[in-house]
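Next come the chains, spelled out residue by residue.
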Amino acid sequence: MVKPLEERFRTVRDLFPEFRVETRRGRLLVNESGTWQHNTILFQLLFQLVGPVAGRGWEIWPNITVYLGQHADRYVPDLTVVPETPRMEEDHTVHGDSTLLLVSVVSASSSYDDYFVKPGDFSPNGVPFYLVIDPFRREVKLFSEPGGKEYGRETVAMGGEPLTLPDPWNLALDTGKLLYGDDGV
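What counts as what
- Residues numbered from 1 in each chain as written.
- Predicted model: local features only at pLDDT ≥ 70, side-chain atom pairs only at ≥ 80, totals over all residues.
- Heavy atoms only, no water.
- Helix = DSSP H or I, 4+ residues; strand = E, 2+ residues; numbered from the N terminus.
- Buried < 20%, exposed > 50% of the residue type's maximum accessible area, 1.4 Å probe, protein only.
- Contact = heavy atoms within 4.5 Å.
- Areas by Shrake-Rupley, 256 points an atom, 1.4 Å probe, with all protein chains shown as cover.
- Core = buried A, V, L, I, M, F, W, Y, C linked by side-chain atoms within 4.5 Å.
- Phe/Tyr/Trp six-rings, centres within 6.5 Å; stacked < 30°, edge-to-face > 60°.
- Lys NZ or Arg CZ within 6 Å of the ring centre and 35° of its normal.
- Pairing = 2+ DSSP bridges.
- Axes fitted to C-alpha atoms, helices over the stretch in contact; angles between N-to-C directions.

Asks: Help me out: how do you make sense of the overall build of the protein in this one?
Replies: Assigned secondary structure in the protein consists of 4 helices and 13 strands. Within the protein, the proportion of its 185 residues that are buried is 46%. The long-range fraction of contacts in the protein, counting pairs at least 24 apart against all pairs at least 6 apart in sequence, stands at 50%. Total accessible area on the protein is roughly 9,600 Å²; 54% of this is exposed by carbon and sulfur atoms.

Asks: How do you make sense of the nonpolar core when you look at a structure like this?
Replies: For soluble globular proteins, the rule of thumb is that nonpolar side chains tend to be buried together. In terms of nonpolar packing, the biggest core is built from 26 residues, with L49, L131, I133 and W169 touching the most fellow members. Elements that contribute at least two residues to this core include exactly α2 (36–55), β5 (79–82), β8 (101–105), β9 (129–134), β10 (139–144), β12 (162–165), β13 (171–174) and α4 (175–180). Per-element accounting of this core gives the leading share, 5 residues, to α2. Ignoring any residue separated from it by four or fewer positions in sequence, one finds L49 in contact with I60, V81, L101, L165, W169, L171 and L173. Formed by 13 residues, the second largest nonpolar core is a distinct cluster that contains Y75, V132, F143 and Y151.

Asks: Sorry if this is basic, but what is going on with the packing of aromatic side chains here?
Replies: For any pair of aromatic rings, the description rests on two quantities: the centre-to-centre distance and the angle between the ring planes. On inspection of all chains with the given rule, the structure shows 8 aromatic pairs. Their ring planes at 50° and their centres at 6.4 Å tell us that Y115 and F116 sit as a pair that is tilted. On the accessibility criterion, Y115 (5% relative accessible area) is buried. Put simply, the rings of Y75, F122, Y130, F143 and Y151 touch in pairs and so form one group of aromatic residues. Of note, R137 hangs over the ring of Y115, and the distance from its end group to the ring centre comes to 4.2 Å.

Asks: How should I be thinking about the sheet that holds β5 in this particular structure?
Replies: Backbone hydrogen bonds are what pair the strands of a sheet, in a parallel or an antiparallel way. Pairing in this open sheet of 6 strands is mixed, and the strands run β3-β5-β8-β9-β10-β11 from one edge to the other. Two strands lie at the open edges of the sheet, namely β3 (59–61) and β11 (153–158), each paired on one side alone. Adjacent strand axes in the sheet meet at a mean angle of 15° when their direction is disregarded. For β9 and β10, the ladder comprises 6 bridges, and the chain directions are antiparallel. Looking at β10, one finds that F129 is bridged to S144. Lying on the sheet, helix α3 (residues 111–122) is in contact with β8, β9 and β10; it crosses β9 at an angle near 170°.

It is worth stressing that arrangement in space is one thing and function is another; only the former is reported here.
Here it is as structure tokens:
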């Protein structure tokens, strides 16, 4: 007898805590940790977010599952920003509508899901901001104004152009530092 997807998800997540375990469209996905380029992008983003996040009493979580409903897919963004007391489903699962920002850094195997699948799941579940950082296209895309099946607004900044996170953030991200490192080149 085949175990339900949720049961297999929990089993694999518990067996391999060092990996990112997600479900997408009925599939169980086990991903290795990111490359040095992936991690450098996350470091540069953390450097820009940590002051505003700490100043507001929020937190940055690098490895938390986002809850989008009982039978929905399970995602583990590269970074998740939450308010001081987010609504939790379990100790390792935060409700999507109780987040402030979800971040994905595109990898060779994740592009389609990052741009098309995840926004379609995040928007109807009230995720306010979903940021996609794409080192291959050298762009950063912000999905905002959730509602219905799609986000109401998609803002793209090419590497080097500032990308503003709107209220409650009111923060301009330096995409040059995200995509090119400290020198912006």
